[in-house]
Amino acid sequence: MSDLMNVPSVSQLKTLFHQFFHFGMVGAVGFIIDWSSTTFLKTFMPLKVAVLFAYLIAASGTWFLNRVWTFRHIDHSSVSVLQQWKRFLLANLPGFVINRGIVLLVLSYITITQHWPVIALMCGTACGMFVNFTLCKTCVFTSEEQEESETSSTVREEV
């Protein structure tokens, strides 16, 4: 019976869908940043090192876009910009391990990706996306005010 009390409302599911869609759109922009950074950096360093630095550049871009677009309704004033960026990178660490782990595996075992690293980047991005969204929503782009409004709307719907 208590499990039924935790079922999200249609409104909450709609909000979640919109956030995930926006997160995916930001991720597509992040992918372009990642790909272009990798392409640029590999002219100065080994490809496997370039993809690691490119991730940091792309992650910084996606943090900013998620802050100002995907999670724009969240009150960000309770945390400094630098603190939130660090939380974003930390929360995305599991996604990073999955993403870059897949990228490095694909680069190591699929020869064509040495000439077309975009293939490896696509594989890694797809694998890390769901983990990153969940952790960003629950650990980075959250505020006490947002949590209170979600709780009060759930209580109102139950009454």
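Every value quoted in this text rests on a predicted model; they were computed, and no experiment measured them.

Here is what the cut-offs are and how they apply
Each residue is numbered by its place in its chain's sequence as written, counting from 1. Only residues with pLDDT of 70 or above have their local features reported here, since the model is predicted, and side-chain atom pairs are shown and tallied only from 80 upward, although totals for entire chains, interfaces and linings are computed over all residues. To obtain the side-chain values, all non-hydrogen atoms of the structure were used and water was disregarded. Every helix listed is a DSSP run of H or I at least four residues long, and every strand listed is a run of E at least two residues long, numbered separately from the N terminus. Only protein chains enter the accessibility calculation, which uses a 1.4 Å probe; a residue is then buried when its area is under 20% of its type maximum, exposed when over 50%, and partly exposed in between. When checking whether two residues touch, look at their non-hydrogen atoms; a contact exists if any pair is within 4.5 Å. We get accessible surface area from the Shrake-Rupley algorithm with a probe of 1.4 Å; when it comes to residues, only the shown protein chains can shield them. To count toward a patch, a residue needs a relative accessible area over 30% and no salt bridge; like charges are then connected within 9 Å, while nonpolar side chains (Val, Leu, Ile, Met, Phe, Trp, Tyr) are connected within 5 Å. Each salt bridge in this description consists of a side-chain nitrogen of Lys or Arg and a carboxyl oxygen of Asp or Glu lying within 4 Å of one another. The span one expects for a helix is its residue count, reduced by one, times 1.5 Å. A score from 0 to 100, pLDDT tells how confident the predictor is in each residue. Under the pairing criterion, centres of Phe, Tyr and Trp rings, with the six-membered ring standing for Trp, must be within 6.5 Å; the plane angle then separates stacked pairs below 30 degrees from edge-to-face pairs above 60, leaving the rest tilted.

Some details on the overall build of the protein
Here's step 1: Along the protein, the regular secondary structure elements total 7 helices and 0 strands.
Here's step 2: For the protein, the succession of helices and strands along the chain, N to C, is α-α-α-α-α-α-α.
Here's step 3: Scored against the burial criterion, the 159 residues of the protein give a buried share of 33%.
Here's step 4: For the protein, long-range pairs separated by at least 24 residues make up 74% of all intrachain contacts whose partners lie at least 6 apart in sequence.
Here's step 5: Split by element, the accessible area of the protein, about 9700 Å² in all, is 72% carbon and sulfur.

Considering a nonpolar patch on the surface
Here's step 1: On the surface, a nonpolar cluster with roughly 610 Å² of combined accessible area is contributed by F17, F21, M25, F64, V68 and W69.
Here's step 2: Elements supplying a minimum of two residues to the nonpolar patch: α2 (10-41) and α3 (47-70).
Here's step 3: Inspection of the secondary structure puts F21 in helix α2.

Section: α2
Here's step 1: For α2, built from 32 residues, the straight-helix expectation of 46 Å at 1.5 Å per residue is met to within 8% by its first-to-last C-alpha distance of 45 Å.
Here's step 2: Every buried residue of α2 is listed here: Q19, H22, F23, V26, G30, F31, D34, S37, T38 and L41.
Here's step 3: Here the buried face of α2 lies against α3, α5 (93-109) and α6 (117-140).

What about the confidence of the model for the protein?
Here's step 1: Counting all residues, the mean pLDDT for the protein is 85, and 86% of those residues have values of 70 or more.
Here's step 2: Least confident of the elements in the protein is helix α7 (residues 144-158), whose mean pLDDT is 44; most confident is α3, at 94.

Here's the deal with the environment of N132
Here's step 1: Here N132 lies in helix α6.
Here's step 2: Counting along the chain gives 38 residues from N132 to P94, while the straight-line C-alpha distance between them is 7.7 Å.
Here's step 3: In contact with N132, not counting residues within four places along its chain, are F23, Y55, N92, G95 and F96.

Points about the packing of aromatic side chains
Here's step 1: With the rule as written, the count across this model stands at 9 aromatic pairs.
Here's step 2: Ring centres of F23 and F133 lie 5.2 Å apart, and the angle between their planes is 70°; on these two criteria the pair is classed as edge-to-face. Note that F23 is positioned in helix α2 and F133 in helix α6, a separation of 110 residues in sequence.
Here's step 3: Look at F23 and you get buried, because its relative accessible area is 8%.
Here's step 4: A network of ring pairs unites the aromatic residues F20, F23, F130 and F133 as a single cluster.

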